[in-house]
Amino acid sequence: MQEPTALSRQIASAADLSAAAADVLAQVRSRAPRVHCITNSVAQNFTANVLLAFGAIPSMTLSPVEIGSFVKRSDALLVNLGTFGTERREATSIAVDAAIQGGLPWVLDPVFVDRAPPRASYARDLLFLHPTAMRLNAQEFAALAQTETSADAVADFAREHRIAIGLTAASDLICDGARAVTLANGDALMAKVTAMGCAASAMVSACLAVERDALVATASALLIAGVAGEIAAQSAQGPGSFAVGIIDALHTLDAAALVARSRITWNG
Amino acid sequence: MQEPTALSRQIASAADLSAAAADVLAQVRSRAPRVHCITNSVAQNFTANVLLAFGAIPSMTLSPVEIGSFVKRSDALLVNLGTFGTERREATSIAVDAAIQGGLPWVLDPVFVDRAPPRASYARDLLFLHPTAMRLNAQEFAALAQTETSADAVADFAREHRIAIGLTAASDLICDGARAVTLANGDALMAKVTAMGCAASAMVSACLAVERDALVATASALLIAGVAGEIAAQSAQGPGSFAVGIIDALHTLDAAALVARSRITWNG
Amino acid sequence: MQEPTALSRQIASAADLSAAAADVLAQVRSRAPRVHCITNSVAQNFTANVLLAFGAIPSMTLSPVEIGSFVKRSDALLVNLGTFGTERREATSIAVDAAIQGGLPWVLDPVFVDRAPPRASYARDLLFLHPTAMRLNAQEFAALAQTETSADAVADFAREHRIAIGLTAASDLICDGARAVTLANGDALMAKVTAMGCAASAMVSACLAVERDALVATASALLIAGVAGEIAAQSAQGPGSFAVGIIDALHTLDAAALVARSRITWNG
């Protein structure tokens, strides 16, 4: 496990946050954190390619006999609940134990908990193990928190569970219970590519490996994904070429473009 | 579950069918049917992206503890037999029960039954549960029906099993035992992209969610796929860019282009 | 199972090898060998598309009840150890037995054995069953052979296990213990696309189906992959468009371009 940046930055404005995100991008590229991903089989290939383009090193095994070894040699963990079966639950249990013992940051993506009550119940169990961050959409939040989705409800939930939350939508909300950020970046085509949210959650894991402040790491990942999406949309002919283009854009994105394009509202 | 179009259209010509297909495309886009897919892990990502580009909402879990919840909240089901193991059989049993109880249309794709006798035997068992439609190729039909593939054999099989059959090849044959249609659309590159047939079967499921006439739904799906393939082939450099281009083409295809390009032979 | 080329060619120079590779490419395209792939779920889709673009016919089932039937009807087998669980071990045991009984060539890809000791141990067990060839990188070789990676260590290992080894890196080393070849083809973007090595291993399997000399088959596959990568890199905007482009390039690559671009050092 690599050491994340030792001292949290002082972030007091949107400009501070976009500068921090540019630095997080540079750190991911130079340190190439290893991110072990428990993710659904639909998302595995795209997620791995997004992480590689971002600068991280993905691994994806789910085998109970070896996942502990992989997580111990990793810098962050992603737990995505998609296409969830018995083997994945056993793997998750071992992986989360290894992450906690090793002091690794880990991210929960409770995908589609609004579609299956057993999955929502399992996600609530995992929250008691204190994931560092969680990325999800409004319907998933409502099913998980058993309340209507609002900025206040998200802040309450973040405080209660001591977690950074990234709620993705046309405008993203990132909140850790004390501070809140909204991001207006991104493109509508992001919702037309499968596993885009899952891949964004993996990017949050990669950022947490290099940045100790979970709000800053989560916001950085979603800002970088959103800006890459905007760049990809400029030359896309539809969701097929968009999915290819966002991987290219992640690979070539530079700090200046990231800062110039960022549309952040900071509520510190 | 959404209600499909209440009254079947009167289709009496190739022109009627292409107009119906244009309407089915519009219905899928406006109603965004949820399609639960039991499909092989090779095909999952491409199938999900094809469904999203088409306008439908895919889900893909195979976990026995939650697949029933997913199917109940869906508008159609796909059962593809690729990379089939014990967990998928258990999931299929639960999913088909839920589809039958909920009155959902469901599609069988008996992929590669010509390569493994146990798979053919399982596919024959599923036929007794009356899938709404089945998409397959000539070798798969021959293995399943234990006869040579011919238009008459397909018609006999469709009558016997009360099913709409989509037999895909250079020229597609769609038949429900009473009516038959051939489609000359498509491109040779479709056979060079893995999961193209699997994705077409998922499109049949999406069309059945909005169109009660299984022959019309099956023919609409295969016509839309074939025309999108032709459009993609115009700018493809090979099967890689073709696979990207067909997703773009599905997203941007308009009714006029669909009707103008359709090459249908109607045998009512 | 198809018969590979009956008589080994006499290869005595780099020019002989590039001519042989051009012939292997033509053989794969004309004979369309069936390659059954036990591979990780991250790699399945890309591997299948690479094999189709190359001219081979992939199948990927892992189900113990049917994998024997598939391997019996195949011309070569790939065993990749990624995302390895109980079902895959059982499938591997049945598949390798079927390959040995049928006299099929088979390839071992011990991916990430440097990350999990149980996986390295399992890979060593498989080596006692004499795979025809093995493709891996330097870290994986070091973990497997429990020695530092060097050309001499690779040659010793190849002799001891009577296997052709393809060690991929910026410069690839192919060695069967008696002869050694280095290839300077390829592009740095190949390391930024997930499953590129896995797909190269599948190409080795396809070449072994048509070429009995394992060194020639392994070198041909890696040369073809490297040259296709160079062609794809010419128009790529990043790893996303590169992954698409290498599939296009495999499909359109011609013998003259392959020979002209080859950068082979022959140590017969």
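Every value quoted in this text rests on a predicted model; they were computed, and no experiment measured them.

K.L.:
Teacher, can you tell me more about the relation of the copies chain C and chain A here?
P.N.:
The transform that puts chain C on chain A rotates by 120° and translates by 0.0 Å along the axis, for an RMSD of 0.0 Å. Read as a symmetry element, the transformation amounts to a three-fold axis. It is Ser 41 of chain C whose C-alpha, among those of chain C, lies nearest the rotation axis, at 3.8 Å.

K.L.:
Whenever I open this one, the packing of helix H9 (residues 214–235) of chain B against helix H10 (residues 239–252) of chain B confuses me. Can you help?
P.N.:
Helix packing for two helices is described by the angle between their axes and how far apart those axes are. Residues and elements named next belong to chain B. For the pair H9 and H10, interaxial distance at closest approach is 8 Å and the crossing angle is 120°. Relative to H10, H9 is oriented oblique. Here the hand of the crossing between H9 and H10 comes out right-handed. Contacts between H9 and H10 involve Ile 224, Ala 225, Ala 228, Gly 229, Ile 231, Ala 232 and Ala 233 on the former and, on the latter, Phe 242, Gly 245, Ile 246, Ala 249 and Leu 250. When the residues that make up the contact of H9 with H10 are grouped by side-chain class, the tally is ten nonpolar, two polar and no charged.

K.L.:
What am I meant to see in the side chain of Arg 88 of chain C here?
P.N.:
Turning to its location among the elements, Arg 88 of chain C is positioned in helix H4 (residues 86–102). By relative accessible area, Arg 88 of chain C is classed as buried at 12%.

K.L.:
Whenever I open this one, the pairing of strand S7 (residues 172–175) of chain C confuses me. Can you help?
P.N.:
Remark: a regular strand shows side chains that alternate across the two faces of the sheet. Residue and element names in this part refer to chain C. The two faces of S7 match: Asp 172 and Ile 174 on one face and Leu 173 and Cys 175 on the other face are all buried. With three bridges connecting them, strand S6 (residues 164–167) and S7 associate as antiparallel partners. Among the inter-strand pairings, Ile 165 is bridged to a residue of S7, identified as Cys 175. In this antiparallel pair of consecutive strands, S6 and S7, the connection spans four residues. One ladder, built from four bridges, connects S7 with strand S8 (residues 180–183); its direction is antiparallel. Across the sheet, residue Leu 173 finds its bridge partner in S8, namely Thr 182. Between the antiparallel neighbours S7 and S8 lie four residues, among them Gly 177 with a positive phi of about 100°.

K.L.:
So what exactly am I meant to see when it comes to the pattern of salt bridges here?
P.N.:
Should the charged atoms of two oppositely charged side chains come close, the side chains can pair. Tallying each qualifying case throughout the model produces 21 salt bridges over all chains. Between Arg 263 of chain A and Glu 230 of chain A there is a salt bridge, with its nearest N and O atoms 3.0 Å apart. Of this pair, Arg 263 of chain A sits in the loop between helix H11 (255–261) and strand S9 (264–267) while Glu 230 of chain A sits in helix H9 (residues 214–235); the two residues are 33 residues apart in sequence, bridging distant segments of the chain. Judged by relative accessible area, Glu 230 of chain A falls into the buried class, the value being 12%. A salt bridge links Asp 213 of chain B to Arg 179 of chain B; its shortest N-O distance comes to 2.9 Å. Taken as a pair, Asp 213 of chain B in the loop between helix H8 (196–208) and H9 and Arg 179 of chain B in the loop between strand S7 (172–175) and strand S8 (180–183) lie far apart in primary sequence, 34 residues in all. On the accessibility criterion, Asp 213 of chain B (8% relative accessible area) is buried. Residues joined in a network through salt bridges with shared partners are Asp 176, Arg 179 and Asp 213 of chain A.

Conventions used here
Throughout, a residue's number is its position along its own chain's written sequence, starting from 1. Chain letters start at A and ligand numbers start at 1, both assigned in the order the entries are written. A pLDDT threshold of at least 70 governs which residues receive local features in this predicted model, and a stricter bar of 80 or more applies before side-chain atom pairs are shown or counted, although totals over entire chains, interfaces and linings include all residues. Excluded from the side-chain calculation are hydrogens and water; included are all heavy atoms of the structure. When the copies are overlaid, the least-squares fit takes in C-alpha atoms only where the residue has pLDDT of at least 70 in both copies. Axis definition: a line fit to C-alpha positions, over the contact stretch in the case of helices; interaxial angles, taken between N-to-C directions, run 0 to 180 degrees. Numbering goes from the N terminus for both helices and strands, where a helix is a DSSP run of H or I of at least four residues and a strand is a run of E of at least two. Under this scheme an angle from 65 to 115 degrees is roughly perpendicular, one under 35 degrees roughly parallel, and one over 145 degrees roughly antiparallel; angles in between are oblique. Crossings are assigned a handedness: left-handed for a near helix turned anticlockwise from the far helix by less than a right angle, right-handed for a clockwise turn. A contact between two residues is defined here by any heavy atoms of the two lying within 4.5 Å. In this count, Pro and Cys sit with the nonpolar residues alongside Ala, Val, Leu, Ile, Met, Phe, Trp and Tyr, while Asp, Glu, Lys and Arg are called charged and the others, Gly among them, polar. Each residue's exposure class comes from its accessible area (1.4 Å probe, protein chains only) as a fraction of the maximum for that residue type: buried when under 20%, exposed when over 50%, partly exposed otherwise. Two strands qualify as a pair provided that DSSP identifies no fewer than 2 bridges between them. Salt bridge, as used here: a side-chain nitrogen of Lys or Arg that lies within 4 Å of a carboxyl oxygen of Asp or Glu.

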